[in-house]
Amino acid sequence: MKHAFHLLLVFIGLSLAVTAAPAKPNIVIIFTDDQGYADLACYGNTKNKTPRLDQLAKEGTRFTSFYSQTVCGPSRSALLTGRQPIRSGGWGMPAEEITWAELIGKAGYQTACIGKWDVSNRRAIIPRMPNAQGFNYFYGALGANDNGVVKLHENNEDAGSTRDMGGLIKLYTDKSIDYLKNKRDPKKPFVLYLAHTMMHTIIDASPKFRGKSKGGLYGDVVEEFDFETGRLLDTLDELKLADNTLIIYTSDNGPWNQDKYTKRKKGHPAGAIFWGEAGPLRNGKGSPYEAGYRLPCIVRWPGKVPAGRVNDAVFATIDFMPTFANLCGFALPKDRHIDGIDQSDLLFGKRETGREFFYFNKAGVRKGKWKYLRANAHFHGYAVDDQRPKAEELYDLEADLGERNNLAQKHPQLLAELRALTDQLEAKK
């Protein structure tokens, strides 16, 4: 009888193990500023040494057609809401916008935002600051470092300021490590959104890294970022969190690589190039061309996201919210249009294709290999080619990644189709 009862308990235990829901993943988003598509060795850079991010790519999937937005504030509102900036408000994101941080908290998560916020008009407007937008803990800046100074907040309180631009990467990494070790509840899953100020000018590296790379001061910053990211990854290992943590590394927009802006950007170190490398892509930050939007993206979740994989499917920051909803167990808002789609199957290697199309913030659209740009495609009137004719453009990105051969005249029917598709973006609220 006793033996039979023991077998029954074993059977019940096995049944519960089979039917129990899988553990919800922790999520770490590492978001840089103004970083070039080709700044990392694993994306083709031959000057900068980035061993930790290269290793992360080997342990996960490296995406080559990943899109953020073309400038910083709008990029962040899109990431947080799953909505195009013409809906989510960019720098002026209203308090009424719903972030995934607000929704994921209802699914049992704790949330932290460390670093650059940039969606409350760079001011301390409490209903639009991180604590009011779903983050339990915030440490960082409400805006950028254009004047060589960063004003810091901890939650809603003033936390002083710093002119030590070379110390920012370590500062934000230290705060992230402190959150993981001392501030979170180890019994609950967490999301850490770490949004670095670097590589936004005014760039600088700490004395340990300054002058050490082959890529000048900018390369020093890239290599310091790689090192500090390694410290964060080591902390996840130390705390035995790595196996159930989804890590996403990417950037907000492309490099500010137009020579004409060297005279306008005051305060960056004399003689130093303050932008990264776009590789084969055209132009950079603010531009409607690929280098403005297309960013490096590495995703790792051991045993879930295939290791050593390179994927060229279209994937975007606006997809984070629907993807997190699926993985973490919360419902999307039903009272507004969500531009993102659930990309779980793409991440897990169950499919190799991404979005059917991706809108370029009112400037145009990509559908498959084709990219269409309106005649007036620009963003806030800057970072556009001065010699760009005000004409529609059509590119085959598979054959012409550098967007040099405009095929608009050769494919009028396709041009009309993509023009109509672009117009749909404004029709949805």
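These notes cover the structure that comes with them. Since we're looking at a predicted model, the values are computed, not measured. (Residues numbered from 1 in each chain as written. Predicted model: local features only at pLDDT ≥ 70, side-chain atom pairs only at ≥ 80, totals over all residues. Heavy atoms only, no water.)

### Comments concerning the nonpolar core
For step 1, the next point in the chain: Ranked by size, the top nonpolar core spans 51 residues in total, and within it Y172 and L236 carry the most contacts.
For step 2, the next point in the chain: A total of eight residues in this core trace back to one element, the largest contributor, which is helix α7 (residues 216-238).
For step 3, the next point in the chain: Discounting residues that sit within four places of it in the chain, L236 has contacts with V28, L180, F190, L241, A242, T245 and I247.
For step 4, the next point in the chain: M93, A195, I248 and F324 belong to the second-largest nonpolar core, a separate cluster that totals 43 residues. (Core = buried A, V, L, I, M, F, W, Y, C linked by side-chain atoms within 4.5 Å. Buried < 20%, exposed > 50% of the residue type's maximum accessible area, 1.4 Å probe, protein only. Helix = DSSP H or I, 4+ residues; strand = E, 2+ residues; numbered from the N terminus. Contact = heavy atoms within 4.5 Å.)

### Notes on the environment of P186
For step 1, the next point in the chain: Along the polypeptide, P186 turns up in the loop between α6 (168-183) and β7 (190-195).
For step 2, the next point in the chain: Take P186: its relative accessible area is 65%, and that puts it in the exposed class.
For step 3, the next point in the chain: As for P186 and P130, which are separated by 56 residues in sequence, their C-alpha atoms are 22 Å apart.

### Digging into the packing of aromatic side chains
For step 1, the next point in the chain: By the definition in use, this model includes 19 aromatic pairs.
For step 2, the next point in the chain: Consider the rings of F209 and F227, whose centres lie 5.4 Å apart with planes at 50°: the pair is tilted. Placement of F209 in the loop between β7 and α7 and of F227 in helix α7 is noted, with a sequence separation of 18 residues between them.
For step 3, the next point in the chain: Its relative accessible area of 12% is what places F209 among the buried residues.
For step 4, the next point in the chain: What makes F227 partly exposed here is its relative accessible area of 34%. (Phe/Tyr/Trp six-rings, centres within 6.5 Å; stacked < 30°, edge-to-face > 60°.)

### Here's the deal with the environment of E238
For step 1, the next point in the chain: By the secondary structure assignment, E238 is in helix α7.
For step 2, the next point in the chain: With a relative accessible area of 51%, E238 lands in the exposed category.
For step 3, the next point in the chain: Distance from E238 to K181, taken between C-alpha atoms, is 9.8 Å for residues 57 residues apart in sequence.

### Side note on the side chain of N45
For step 1, the next point in the chain: With respect to the helices and strands, the residue N45 is situated in the loop between β1 (26-32) and α2 (51-59).
For step 2, the next point in the chain: Within polar-contact distance, the side chain of N45 engages the backbone oxygen of A38 at 2.9 Å.
For step 3, the next point in the chain: In terms of polar contacts, N45 uses its side chain to reach the backbone amide nitrogen of N48, at 2.8 Å.
For step 4, the next point in the chain: Discounting chain neighbours no more than four positions away, the residues touching N45 are A38, D39, L40 and E277. (Polar contact = N/O pair within 3.5 Å; in protein donor to acceptor, adjacent residues only side chain to side chain.)

### Quick look at the sheet that holds strand β15 (residues 393-396)
For step 1, the next point in the chain: Reading across from one edge, β12-β13-β14-β15 is the order of the four strands in this open sheet, with antiparallel pairing throughout. A strand with exactly one partner marks an edge of an open sheet, and here the two such strands are β12 (357-359) and β15. Between one strand and the next, the sheet's axes are offset by a mean angle of 15°, whatever the strand orientation. (Pairing = 2+ DSSP bridges. Axes fitted to C-alpha atoms, helices over the stretch in contact; angles between N-to-C directions.)

### Some thoughts on the packing of α2 against α7
For step 1, the next point in the chain: The contact between α2 and α7 brings their axes to 7 Å, and the two run at 55°. Taken together, the axis directions place α2 and α7 in an arrangement best described as oblique. Side by side, α2 and α7 meet where P51, R52, L53 and L56 of the first sit next to F225, D226, T229, G230, L233 and D234 of the second.
For step 2, the next point in the chain: Looking at the contact of α2 with α7 residue by residue, the class counts come to five nonpolar, two polar and three charged. (Parallel < 35°, antiparallel > 145°, perpendicular 65-115°, else oblique. Nonpolar A, V, L, I, M, F, W, Y, C, P; charged D, E, K, R; others polar.)

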